[in-house]
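Here are the chains, one letter per residue:
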Amino acid sequence: WTRRQRWLKLHSEASGNFWRCCPAHRCLRVHLHGLIAMGHSTQLRLYATLALVFFSCFLVPTRASSFLRAGQVTEKDAMQTLENELAGGIRPDAQKHLQWLEETLRPTYLALPKNAAGNLGHQAVRYVLHRFFVQQRGWFVRGLEPTNDTSWRTPTKPLIVKEWVPDFLQDILEKREGERGIDLRELVALAAALEDLVRKEAVGRLQTAYELHGLPLSGPSSESKVEEALNTYFVAYLKAGNFSADDAGELSEKKQLFSKRYIGYEPAMTWFNGVVGKSMSASRSASLDFAAASSIASKISETYYAFMDVQCKNLKTTLQGLEGKKAGRVRLSTFYKASLYSHWRFNEKADYLKRLGALDDSDPQQPRVIVPNYIMSRPNCLEASNLYAICCRNHCEDLMSHLETQIGSAAAEPRKIAELVANLPSDTVPVPRNLSQPLVDRLFQVSRNNYGRVPLHGRLFAQWMHHAYPRECPYPHEVGTTSPHTPDEWMKETGHSMAAASTEEMMQQVASDTCASDSPQSGSGCGDEESEELPWNEAEELLLAHPEKREPVEVPETKPPLQATPTQGNTAAEPQTASSSSWLTRVGIVAMASISLAAFGLAYPQKMVMHRGFKDDKPMPAHWLVVPFTLGVLLLLAYGFGLLDGATLLFACIAALVVLIFKKLVPGRFTQGCGDFGKLPF
């Protein structure tokens with residue numbers, strides 16, 4: 001009797017924990033509890049419950065990744081969106097919006113080099129789209145980054161899941177137009193299509209927030225409830241979609257925890273309340289429908305860069321205060337010292353900084369961080385979407401826009417450029433100013449290499465702008481030498497376990513710097529020996545006006561997107577790698593299922609399981625039971641290696657449990673009415 005009570009207690013606890021562990025399975029509770037209760041053996045009910053725990057809690061999808069997958073773009077979505085924009089758009093204000101896009105893109109379009117048909121080539125299209133989204137939205141669209149161009153992508157550097165959309169859309173147009181290139185109207189359609197796909201993702205995430213709050217998608221909801229749903233959407237936005245909850249209680253707890261851990265939560269929420277409050281007051285209604293709430297969600301994604309720009313300016317001011325004699329450069333030892341002895345987390349590994357293009361190692365003894373390159377690098381970005389990241393704005397693009405508008409062509413004489421730049425101010429460069437003679441000589445040198453004119457969109461002129469505005473314009477590395485990797489992507493590529501340098505590594509770099517001071521006012525150490533001259537590389541790279549011969553774009557198989565990397569200093573993002581998580585889950589399922597099957601087999605005496613009937617009141621051995629057991633092991637191995645999906649495996653396991661339960665019950669309950677069931681081969 002004591003043993004039976006102990007089994008009953010274990011069964012009760014396992015059953016209760018099962019439903020607490022898997023709230024998404026409550027719809028199965030009635031049916032499965034009825035099935036489990038059919039067994040008159042307490043052991044049978046216990047092991048049936050444990051088996052369901054092992055399989056159902058892992059294989060049946062829940063809302064844990066709903067924000068990550070919400071609004072995911074497919075090949076069909078991309079094609080249809082582009083066709084809609086080429087046909088005039090489907091937005092209520094489509095014509096007005098397309099006209100605004102055309103007026104905004106026209107100055108850069110006119111200034112770029114054209115092909116024989118007067119249209120843009122492949123690289124020029126990518127260039128103008130990247131600049132547009134950075135300037136107008138603060139979006140670094142994945143796949144359009146200048147250092148991530150397809151011109152150097154090889155089979156060993158394929159498109160990743162998040163990068164295929166721009167290449168796919170551009171490939172459709174280039175195949176349709178052939179050698180003609182892309183004109184302004186088609187360029188506008190490309191930009192509008194990318195905006196529509198971003199909006200689709202935002203609407204999908206807001207729909208998930210509505211479901212969590214129990215709000216209807218059709219019909220109006222009160223302002224307060226809509227604001228709560230938008231608040232959840234915004235939290236998921238700040239966490240790059242890495243946010244989930246199964247019910248209202250868990251949602252409230254996670255949001256409270258996020259508010260305590262997220263650095264800069266209060267300023268971010270102040271900005272959010274301002275945007276939402278202004279939009280709701282403009283509606284002049286006590287309730288809003290889902291379409292109106294979707295417009296607010298899209299506005300959040302389109303304007304959040306303005307809030308981030310304040311933080312980026314603070315970062316720029318801090319790094320400027322760490323500079324030595326070289327403008328726009330911070331010695332790596334000084335960079336790490338600020339991390340060791342202040343609240344700033346300047347701790348990226350030197351190799352990672354170099355891969356990002358943020359490290360100047362022209363002097364191996366004194367490597368330096370390039371300020372504008374570092375400010376705009378991925379560690380300082382918010383990976384808010386599967387389609388784009390919000391990074392610090394490239395203020396050099398504003399300077400270039402002014403030059404393009406004034407010049408109106410793809411190239412200009414060096415004297416005219418010098419006059420314009422001498423009167424073009426920035427945050428750190430006052431005007432009017434006299435350009436130094438070495439700087440003017442560099443400009444004329446660029447013109448001599450290009451038949452007396454300076455191409456505005458070449459690498460050498462970008463390098464000249466970096467010398468003229470060292471704190472605003474990034475240093476242009478040669479194509480293929482850098483890549484805008486997130487920390488997780490860099491670690492996966494290189495095999496490093498962390499992208500951040502350890503305290504020992506930073507202290508070693510600080511100790512290896514023999515300079516007494518990095519301050520330009522210092523009278524000792526390297527302060528007097530350090531030159532103000534910035535490095536210069538003669539390599540030229542120009543935007544090609546002719547279409548390139550490219551391989552067709554292969555759209556990656558749709559998969560759950562990778563967990564995004566948190567912004568610098570954000571400890572609430574809980575980054576994970578989807579691929580490693582998937583394999584860990586599979587291995588865990590195989591291991592626990594194997595243990596469960598072994599325990600199930602060992603728990604029963606041989607006379608209860610390993611027989612197929614009776615002869616002369618003696619059990620007959622059933623060696624054929626090895627066959628289903630072997631099949632079960634093969635099924636587990638197939639799932640572990642990805643050859644079998646979780647739903648099929650779950651169905652097979654439940655079917656096996658039903659057979660075992662039926663075998664146990666049939667002899668005792670149906671023998672009298674249906675004959676000798678003891679001889680049945682199960």
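1. Details of the confidence of the model for the protein
Mean pLDDT for the protein: 77, with 66% of residues reaching 70 or above. In this model, residues 10-40 is a region of pLDDT below 50 whose contacts with residues beyond four sequence positions or in other chains number 45 contacts. Under a pLDDT of 50 for its full length, residues 545-582 has, in the predicted model, 89 contacts with residues more than four places off or in other chains.

2. Focus on the pattern of salt bridges
Tallied over the entire structure, the rule returns 25 salt bridges. As a salt-bridge pair, lysine 175 and aspartate 171 come within 3.3 Å of each other at their nearest N and O atoms. Of the two residues, lysine 175 and aspartate 171 both sit in helix α8 (residues 164-177), four residues apart, roughly one turn of that helix. A residue is classified by how much of its surface remains accessible, and lysine 175, at 57% relative accessible area, is exposed. Residue class for aspartate 171 comes out buried when judged on its relative accessible area of 9%. The salt bridge involving arginine 331 is made with aspartate 513; its shortest N-O contact spans 3.5 Å. Of this pair, arginine 331 sits in strand β4 (residues 329-331) while aspartate 513 sits in the loop between α22 (503-512) and α23 (578-603); the two residues are 182 residues apart in sequence, bridging distant segments of the chain. The buried category is assigned to arginine 331, whose relative accessible area is 3%. For aspartate 513, a relative accessible area of 17% translates into the label buried. Three or more residues are tied together by salt bridges with common partners; here these are Arg131, Glu397 and Glu404.

3. Here's the deal with the environment of aspartate 196
Within the secondary structure, aspartate 196 sits in helix α9 (residues 184-213). On the basis of relative accessible area, aspartate 196 is assigned to the buried category, the value being 14%. Put simply, aspartate 196 and aspartate 77 are 119 residues apart on the chain and 9.9 Å apart in space, counted from C-alpha to C-alpha. Ignoring anything within four residues of it in the chain, the contact list for aspartate 196 reads Thr81, Glu85 and Arg91.

4. Brief notes about the sheet that holds strand β6 (residues 368-370)
Across the sheet, which stays open at both edges, the three strands sit in the order β4-β6-β5 with antiparallel pairing between neighbours. What marks the edges here is a single partner per strand, and that holds for β4 and β5 (359-360). Alignment of β5 against β6, held across two bridges, turns out to be antiparallel. Note on β6: the bridge partner recorded for aspartate 360 is arginine 368.

5. Brief notes about the packing of aromatic side chains
Summed over the entire model, instances satisfying the criterion amount to 23 aromatic pairs. Considering the side-chain rings of phenylalanine 335 and tyrosine 336, the 5.9 Å spacing of their centres and the 50 degrees angle between planes classify their relative orientation as tilted. Tyrosine 336 shares its class with phenylalanine 335; the two are buried. One cation-aromatic arrangement involves lysine 114 over tyrosine 109; the distance from NZ or CZ to the ring centre is 4.8 Å.

6. Focus: the packing of α9 against helix α10 (residues 223-238)
Between α9 and α10, the least distance of the axes is 9 Å, while the angle of their chain directions is 125 degrees. In terms of their interaxial angle, α9 and α10 are classed as oblique. Our pair here, α9 against α10, has a crossing hand that is right-handed. Residues Ala202, Arg205, Leu206, Ala209, Tyr210, Leu212 and His213 of α9 lie in contact with α10, whose contacting residues are Val226, Glu228, Ala229, Leu230, Thr232, Tyr233, Ala236 and Tyr237. The residue makeup of the contact of α9 with α10, split by class, is 11 nonpolar, two polar and two charged.

Conventions and cut-offs
Residues numbered from 1 in each chain as written. Predicted model: local features only at pLDDT ≥ 70, side-chain atom pairs only at ≥ 80, totals over all residues. Heavy atoms only, no water. pLDDT = per-residue confidence, 0-100. Contact = heavy atoms within 4.5 Å. Salt bridge = Lys/Arg side-chain N within 4 Å of Asp/Glu carboxyl O. Helix = DSSP H or I, 4+ residues; strand = E, 2+ residues; numbered from the N terminus. Buried < 20%, exposed > 50% of the residue type's maximum accessible area, 1.4 Å probe, protein only. Pairing = 2+ DSSP bridges. Phe/Tyr/Trp six-rings, centres within 6.5 Å; stacked < 30°, edge-to-face > 60°. Lys NZ or Arg CZ within 6 Å of the ring centre and 35° of its normal. Axes fitted to C-alpha atoms, helices over the stretch in contact; angles between N-to-C directions. Parallel < 35°, antiparallel > 145°, perpendicular 65-115°, else oblique. Left-handed = near helix turned anticlockwise from the far one by under 90°. Nonpolar A, V, L, I, M, F, W, Y, C, P; charged D, E, K, R; others polar.

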